[in-house]
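Coordinate inspection notes
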Amino acid sequence: MTNKHKIIIMRTKITFLFTLLLVGLNVGYAQQDEECMTKLSIFHEYVKAKNYDAAYEPWMLVRNKCPKFNNAIYIDGEKILNHKIKNATDVKKINYINDLLKLWEQRGMYFASKTKKGEYAAKACQLMYDNRKILNKSKEELYECFDNAYKLDKVTFTNPKSLYTYFSLMVDLYDAKKKPAKDLFNKYDDVVEKVEEEVKNYSEKLNKLIEKEDTGTALTKKEGKYKKFYESYLKAYDQISGSIDQKLGDRANCENLIPLYNKDFEEYKNDALWLKRAVSRMYHKECTDDPLYEKLVKSYDQTAPSADTKYFVGTILFKNHKENEAIKYFQQAFDLETERFKKAKLANRIGLILKKKRRYGKARNYFRQALRLNPSNGRPYLSIAAMYAASANNCGSTNFDKRAVYWLAAEEARKAARVDPTQKKNSSKSVANYLAKAPNKAEIFSSGRSGQVIKIACWIGASVTVPKI
């Protein structure tokens, strides 16, 4: 016996208590297979040491002999087989891939309560997609796999990469004329709405931690780990949102959308979900000049009046140059929305429209509402900063005072990175841009105003402190 194996046996004895905890101290424990218990401790120690090749044999023995023994068989087994897949040649790789697919099926069979159906079905599809060439899988087969996983359990089908792959395959099949435009747009809406659900989920969890920090209370070590976890998922969803829109590209342009929605209008004119999606798609693709858009909005408002419909009525009024009336509808929409996350999103959307129309004071009010309701979204800070910067020339009596507005803009832009990891790059770029336009050290020295507070008038109505030199 080698020294290495002696060490493993010693560690096995030491971790025997750990094994008892894994298995559970109960009456049935005495009836458990002793060999499985010993081998489980051995392969688990090897896995902890990342010695997956040594773990393989004892793991397979436990898996085959005692498949119901402990969920560690499937947790560690996934790591072992992923290692084998990564390092095997094509022929062996196929065997290991198929075995991992089988392992996930067995986990679902023996530990159903610990195996989320949508999550593991999507993992299986993703594994086949990532190895589609050696497995000789067609895009049709892979799409059906993801589609079945989504339909099986949409709630736990949450992996950002898999959601993107699912939609990407739909686009490829549409391009190959194997899926109609109607299916493409419906699947786009399905996936985008699913991403929004997950963003809402993680944002609400992250908001609680940010609000705790804002009160001056430090996060616990566990909360700090959760914060990083939530931020990483929000970043991943932010990335795939852009990739999904990029993948869709011009396929959802007005030339394609208008004929499709005109053709289907009579059939779906009382279907609230269809109307919501049609209106949203027409709006986001800037097809609002076509008469169809107004017809869709009116039907949507008649069929299911809501915060959503009032918002879209407001967009029509804006288009028809009835801005004051439109603003009233936007306020109605905001007042009607009761769900916090949706209310925040709506406030941001209204703010962006008012910003574009240079109604900066009202826009800022909505952006601040958005921040109050969803403090982990940093985009409103960047919007406020941009409005300050755009107003610099009009807010100050001297050139120095006007350029001081850029310090205020930079302060707002910095806040975005503090609360929102997806906006760090944009925040940093904006801050650098604004500071470059603000008075430099030499100008501050010449002015003799180092450390002074400058009151900024006009719609901004704020103060900024000149940096000390």
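As the structure is a prediction and not an experimental result, all values here were calculated from the model. (Residues numbered from 1 in each chain as written. Predicted model: local features only at pLDDT ≥ 70, side-chain atom pairs only at ≥ 80, totals over all residues. Heavy atoms only, no water.)

**Digging into the packing of helix α20 (residues 379-390) against helix α21 (residues 399-419)**
Think of two packed helices as two axes; the pair is described by the angle between the axes and how far apart they sit. As a reminder of what qualifies: Only the stretch in contact is used when fitting a helix axis, every axis being a line fitted to C-alpha atoms; angles between N-to-C directions are given from 0 to 180 degrees. Numbering of helices and strands runs from the N terminus, with a helix taken as a DSSP run of H or I at least four residues long and a strand as a DSSP run of E at least two residues long. Angles below 35 degrees are treated as roughly parallel, those above 145 as roughly antiparallel, those between 65 and 115 as roughly perpendicular, and all remaining angles as oblique. Contact definition: two residues touch when any of their heavy atoms are within 4.5 Å. Residues were grouped as follows: Ala, Val, Leu, Ile, Met, Phe, Trp, Tyr, Cys and Pro as nonpolar; Asp, Glu, Lys and Arg as charged; and all remaining residues, including Gly, as polar.
At their nearest, the axes of α20 and α21 sit 8 Å apart, and the two run at 170° to each other. Our classification of the angle between α20 and α21 gives roughly antiparallel. Note on element contacts: α21 touches α20 through Val405, Tyr406, Leu408, Ala409, Glu412, Ala413, Lys415, Ala416 and Val419, opposite Tyr381, Leu382, Ile384, Ala385, Tyr388 and Ala389. Of the residues that constitute the contact of α20 with α21, the class distribution is 13 nonpolar, no polar and two charged.

**Things to note about the environment of lysine 235**
Condition: Only protein chains enter the area calculation, which uses a 1.4 Å probe; residues under 20% of their type maximum are buried, those over 50% are exposed, and those in between are partly exposed.
On the secondary structure map, lysine 235 appears in helix α12 (residues 221-248). Of the residues examined, lysine 235 reaches a relative accessible area of 42% and is grouped as partly exposed. The spacing of lysine 235 and proline 160 is 75 residues in sequence and 9.9 Å in space, taken between C-alpha atoms.

**Regarding the nonpolar core**
Heads up, the rule is: Throughout, nonpolar core names a set of buried Ala, Val, Leu, Ile, Met, Phe, Trp, Tyr and Cys residues whose side chains join them through atoms within 4.5 Å.
Formed by 140 residues in total, the largest nonpolar core has its most connected members in Met282, Leu296 and Tyr311. The leading source of residues in this core is α21, at 11 residues. Discounting chain neighbours no more than four positions away, the residues touching leucine 296 are Phe265, Trp274, Leu275, Ala278, Val279 and Met282.

**Remarks on the packing of helix α17 (residues 323-336) against helix α18 (residues 340-356)**
Put simply, the test is: It is the rotation of the near helix from the far one that decides the hand of a crossing: anticlockwise by less than a right angle makes it left-handed, clockwise makes it right-handed.
It is at 9 Å that the axes of α17 and α18 come closest, and there the two elements cross at 165°. By the angle class used here, α17 and α18 are roughly antiparallel. Considering how the two elements wind past one another, α17 and α18 form a crossing that is left-handed. Every residue of α18 that contacts α17 at Ile327, Phe330, Ala333, Phe334 and Asp335 is listed here: Lys343, Leu346, Ala347, Ile350, Ile353 and Leu354.

**Structural notes on the packing of aromatic side chains**
Two measures describe an aromatic ring pair: the distance that separates the ring centres and the angle between the ring planes. As a reminder of what qualifies: Working definition: rings of Phe, Tyr and Trp (its six-membered ring) pair if their centres are within 6.5 Å, and the pair is stacked with planes under 30 degrees apart, edge-to-face with planes over 60 apart, and tilted otherwise. Whether a charge sits over a ring comes down to the Lys NZ or Arg CZ being within 6 Å of the ring centre and within 35 degrees of the ring normal.
Using the criterion set out here, one finds 30 aromatic pairs in the structure. Relative to tyrosine 233, the ring of phenylalanine 229 lies with its centre 5.1 Å away and its plane at 55°, an arrangement referred to as tilted. Note that phenylalanine 229 and tyrosine 233 are positioned in helix α12 at a spacing of four residues, about one turn of the helix. Taken together, the ring pairs connect Tyr202, Tyr226, Phe229, Tyr230, Tyr233 and Tyr237 into an aromatic cluster. The cationic tip of lysine 84 hangs over the ring face of tyrosine 56; the distance from NZ or CZ to the ring centre is 4.9 Å. Directly above the ring of tyrosine 311 sits arginine 349, whose terminal nitrogen or CZ lies 4.2 Å from the centroid.

**A short note on helix α5 (residues 72-87)**
For clarity, the threshold we go by: An expected span of 1.5 Å times one less than the residue number is assigned to each helix.
Look at α5: 23 Å from first C-alpha to last across 16 residues, which is about the 22 Å you get at 1.5 Å a residue. Here α5 has its buried residues at Ala72, Ile73, Tyr74, Asp76, Gly77, Glu78, Ile80, Leu81, Lys84 and Ile85. Those residues of α5 that are buried are in contact with α3 (34-48), α4 (52-65), α6 (90-110) and α7 (117-130).

**With respect to the pairing of strand β2 (residues 462-465)**
Note the following rule: When DSSP finds at least two bridges between two strands, those strands are taken to pair.
Two elements, strand β1 (residues 453-456) and β2, share four bridges in a ladder whose sense is antiparallel. Counted as the bridge partner of lysine 455 is serine 463 from β2. Once β1 ends, the chain turns through five residues before running back antiparallel as β2, passing cysteine 458 with a positive phi of about 50°.

**Focus on the layout of surface pockets**
Under the convention used in this document: Two kinds of site are reported from a 1 Å grid over the protein atoms alone, namely cavities, where a 1.4 Å probe fits but cannot get out, and pockets, open sets with protein on both sides within 12 Å along at least five of seven lines, and residues are called lining when an atom falls within 4 Å of a point. Grid points are joined across faces, edges and corners, and a volume is the space filled by probe spheres set on the points.
In this structure, the second largest pocket encloses a volume near 470 Å³. Elements supplying a minimum of two residues to the lining of the second largest pocket: α7, α10 (160-175), α11 (181-214) and α12.

**A closer look at the UniProt feature "repeat: TPR" (unreviewed entry) in the protein chain**
The cut-off we apply is this: UniProt positions are given in the numbering used here, feature names are shortened, and annotations may be inferred rather than shown by experiment.
What UniProt calls "repeat: TPR" (unreviewed entry) maps, in this numbering, to residues 307-340 and 344-377. Across residues 307-340, the secondary structure splits into 82% helix and 0% strand, with the terminal C-alpha atoms separated by 13 Å. As a span, residues 344-377 carries 79% helix and 0% strand, and end to end its C-alpha atoms are 9 Å apart.

**Overview of unusual backbone geometry**
A positive phi is found at glutamate 286, a non-glycine position, where the angle reads about 55°. Among the residues examined, glutamate 286 registers a relative accessible area of 64% and is labelled exposed. In the Ramachandran plot, cysteine 458 falls in the positive-phi region, its phi being about 50° despite a non-glycine side chain. Residue placement: cysteine 458 occurs in the loop between β1 and β2.

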